[in-house]
Amino acid sequence: MERTLELDIPILLPTVQDVQDQCIARLQNMMAGKRGILKAHLHLDHTPIQLCVHYDPDLVTLESVQTMAQHAGAQILRRYHHAMLNVEGMDCSDCAHVIEHSIGRMDGVLNVSVSYPAQKMLVEYDTHKTNRGAIEKRLRGLGYAIPTEGIRDFYSRNREIIFSLTAGLLVLLGWVAETFLGLPQTVAIGLFLGAYVLGGWDVSRHALHSLRERHFDTDLLMVTAAIGAALIGSFLEGALLLFMFSLGHALEERALDRARSAVRALADLAPKTALVKRDGRELEMSVDEVRLNDIVIVRPGVRVPVDGMVLAGASAVDQAPVTGESVPVDKVTGDKVFAGSVNGEGALEVSVTRLAKDSTLARVMQLVEEAQTQKSPTQQTVEKFEHVFVPAVLGITALVIVIPPLLGVPFAESFLRAMTLLVAASPCALALGTPASILAGVAQAARNGVLVKGGVHLENLGRLKAIAFDKTGTLTQGRPEVTDLVVFDDSLTDDVLLRLAASAESRSAHPLAQAVVRAAETKELALVPAENVESSTGKGLSARVEGRAVLIGNLNWMQENRVVLSDAARAKLESLQNTGKTILLVALDQTPAGIIAVADTVRPRVQEVMSELNAVGIARTIMLTGDNARVAESIAKQVGVTTVRADLMPGDKLDAIRELTAEYGAVAMVGDGVNDAPALANATVGIAMGGAGTDVALETADVALMGDDLSKLPFAVGLGRATRRIIIQNLAISLGVIAFLIVSSLTGFVGLGIAIIFHEGSTLVVVANALRLLGYKN
């Protein structure tokens, strides 16, 4: 079920015409490549200029749309706002529908999405027509609360279970009084009515609000069944129904709170205070008071309170809470650290690069909350089914009450079967099975360093049959490194050759030159100043080092300088070139001295990742690269991908993704989120690496691997498959129980009590099944 919103966003563009034209082109290109954006264009004849966006709110949020416009260079006039509200008092998924129906009809509300399992509401609205206060007032008018921060007292936390258990006790006392003690029936009825009040306290209020909003839901079915039972004198069955229904919801709430706690635990990772060096003193203060460029002292063994850069000190930092990396990462001066990670044995001084509200962990939490409120395709289909099913059940129930008595069936018996049918056909388990699974799946992904930005993407991870990878920076390290040293002159050693070459290259900013310098620094070779350095673009350079004439470059550079290679040297050069490596020839005093081979090296564990992907059911892995076929094939053999597409222009990668999607149906694209943005947007699932280090990866991808490696990709795919399996299981359980109870209630095979037990039992079963995802491991 696709939803589309059309929105005009007032923006300000740069005043210089050329810059404005560039901004407009950038804006339209960025919008066109974004998943969930169906169409975007500018109304240039309006003052201010308006950006008209047609978007699907289940795939992209209003904030993301506005952020894209800002990244393109436009200044947003903040007319449209969004709010993420915690909602207290929902006892079933139908409450979410009632809230959406009521809030969504308010003038100025653009979109509202409510998640019962997460207990959250995302609302996007026009500040010219409404405001957050009005929205909160309407929500409270429906009988729901917006909890404030802080610890709730015992009664507030446990009121629902207290009411339910007290109702159960009254049902038991009433049954004992009526059956064994011989007390007057009025005593038993009084106890049963007390159970009606306590057990039906929440459900009746919600049913009343549903009626007022002209929305038929399961709360209404249950209240109708309980009232119906009382009308024919079956007070025990009606009281038992409300007791079991309220108990079931109380237990569901406690079970779902496990999944919510997993998400809340992420937010609790970041310390609330920081030790700051300011004005010559060390001050303990709230992280909200810490300013950019402040220096924060991180003691050994404590959590890092802010995102920043190490100014002094060295330590091994456990980044697992943020990136999912299994081993601590060594941090030295100049390295990034993230709020929520755990410092090791060394003290660090960190310069603050992001405010607490903008930290990577805070951004992840915001995106996880948004993901919880976005509805997956399965959930949308179930809701569409419920909108037809519930009114149909009410209609059939009316027929069951009226028709059998006309055929000679006693009215009381017919009425009781009708009330049993209301319970039997209530789709609580059906409505809860999918969102509970999505909540648990998204939470477990976030706990393991994988950010999934919505139920649709989690489900799509479970459908993948092929995964395409960008080569540079994804399968490889993204920068050249020295791989081979070959010395022609027996009087030289590898270290001497490398030291002379690195000394000559030390002033060059060329990536190949920097690779040579890094290799020398890794070996702790002492470089010396080079003289008379001259470079020729695309060929090489010449210099004097320690009185010797040094030439470094390709074969053409050697030939231009009349350096003649032996047949053995040429054979070695061709052998290294055939493996996809870039060759730097080194000559000393016009004599060939050796070869330095350079290549973009493969990331660690990539071959193992490919094997794990095959084990979780990925049939095809494809490498997409602009490199030549020889280099691509060499890398492919090292990493173990099944297919290579080389010599691709940027637009060719997009065409390749479309072809693969047509062939396999569900295809993921894995990249860095920068050069791959169009391909990521057109894949079934766009997956970006390094989400903890870059905002781009968080913004552009459907799924972000927070660590800068592929090790969590098999986990993400496996979790998607597990989520999809559990959703299918939950649908089968809930639909199977509904079908069984409908048939058995109409035939009189089961009574109201058995129907209640099966109904509430199936709801608890699907919730427990969904929560198994919190323990998923690859």
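What you see as residue numbers is a count from 1 along each chain, following the sequence as written. Owing to the predicted nature of the model, reporting of local features is limited to residues with pLDDT of at least 70; listing and counting of side-chain atom pairs is limited to 80 or more, with chain, interface and lining totals taken over all residues. As a rule here, side-chain values come from all non-hydrogen atoms in the structure, and water together with hydrogens is ignored.

**Q** How should the overall build of the protein be read in this particular structure?
**A** Helix and strand counts for the protein stand at 27 helices and 28 strands. Put simply, the protein has 778 residues, and 53% of those count as buried. Contacts: residue pairs with any heavy atoms within 4.5 Å of one another. Within the protein, contacts between residues separated by at least 24 positions form 68% of all contacts whose residues are at least 6 apart in sequence. We get accessible surface area from the Shrake-Rupley algorithm with a probe of 1.4 Å; when it comes to residues, only the shown protein chains can shield them. Accessible area for the protein stands at about 33,200 Å²; split by element, carbon and sulfur atoms hold 56% of it. Starting at the N terminus, helices and strands are each numbered in turn, a helix being any DSSP run of H or I of at least four residues and a strand any DSSP run of E of at least two. Using a 1.4 Å probe on the protein chains alone, a residue whose accessible area is under 20% of its type maximum counts as buried, one over 50% counts as exposed, and one in between counts as partly exposed.

**Q** Before we go on, may I ask you to explain the environment of Asn 532 in this structure?
**A** Relative to the assigned elements, Asn 532 resides in strand S19 (residues 531-536). Among residues more than four places away in sequence, those in contact with Asn 532 are Ser 542, Ala 543 and Arg 544.

**Q** Is there a simple way to think about the environment of Leu 660 in this case?
**A** Within the fold, Leu 660 resides in helix H23 (residues 650-664). For Leu 660, a relative accessible area of 3% corresponds to the buried category. The residues contacting Leu 660, other than those within four sequence positions of it, are Ala 468, Ile 622, Arg 645, Gly 665 and Val 667.

**Q** Honestly, helix H20 (residues 567-577) in this entry has me stumped. Any pointers?
**A** Think of an α-helix as turning once every 3.6 residues; residues three or four places apart then point the same way. For H20, every residue scored as buried is listed here: Ala 569, Leu 573 and Leu 576. The arc that holds every buried residue of H20, seen down its axis, measures 70°, which confines them to one face. Exposed residues pointing more than 90 degrees away from the buried face of H20 are listed as Asp 567 and Ala 568. Its buried side turned inward, H20 meets strand S18 (476-487), strand S22 (582-588) and strand S23 (591-602). Note: the arc covers the axis-to-C-beta directions of the helix.

**Q** Please explain the environment of Val 187 as it appears in this structure.
**A** When you line up the elements, Val 187 lands in helix H6 (residues 185-199). Put simply, Val 187 and Ala 177 are 10 residues apart on the chain and 7.6 Å apart in space, counted from C-alpha to C-alpha.

**Q** Looking at this structure, how should I read unusual backbone geometry?
**A** Unlike most non-glycine residues, Asn 293 shows phi in positive territory, near 70°. Mapping Asn 293 onto the fold places it in the loop between strand S9 (281-286) and strand S10 (295-298). Exposure remark for Asn 293: the relative accessible area of 61% places this residue in the exposed category. Backbone geometry at Arg 562 places phi at a positive 60°, although glycine is not the residue there.

**Q** Help me understand the pairing of strand S15 (residues 348-352), please; the structure alone is not making it clear to me.
**A** Within S15, four of the five residues are buried, leaving the element largely enclosed by the surrounding structure. Any two strands are treated as partners once DSSP identifies two or more bridges connecting them. Bridge analysis of S10 against S15 gives four bridges, and the strand direction is antiparallel. Its bridge partner being in S15, Ile 297 is matched across the sheet by Glu 349. Pairing of strand S11 (residues 308-312) with S15 involves four bridges; the strand directions are antiparallel. Bridge pairing in S15 links Ala 312 to Glu 349.

**Q** Just checking my understanding: could you explain empty space enclosed by the protein for this structure?
**A** Using a probe with the size of a water molecule, rolled over the atoms, empty space left in the structure can be pinpointed. Cavities and pockets were defined on a 1 Å grid built from protein atoms only: a cavity is a group of points that admits a 1.4 Å probe but offers it no way out, a pocket is an open group of points flanked by protein on both sides within 12 Å along at least five of seven lines, and a lining residue is one with an atom within 4 Å of any such point. Grid points are joined across faces, edges and corners, and a volume is the space filled by probe spheres set on the points. Throughout the structure, instances matching the rule amount to nine cavities of 30 Å³ or more. Taken as a whole, the second largest cavity encloses approximately 90 Å³ of empty space. Every residue lining the second largest cavity is counted, 15 residues in all, and those nearest its centre are Ser 93, Gln 379, Glu 383, Ala 431 and Pro 435. Under the grouping applied here, Gly and all other residues not named as nonpolar or charged are polar, the nonpolar ones being Ala, Val, Leu, Ile, Met, Phe, Trp, Tyr, Cys and Pro and the charged ones Asp, Glu, Lys and Arg. Of the residues belonging to the lining of the second largest cavity, the class tally is eight nonpolar, five polar and two charged.

Shape is all these values report; function is a separate question.
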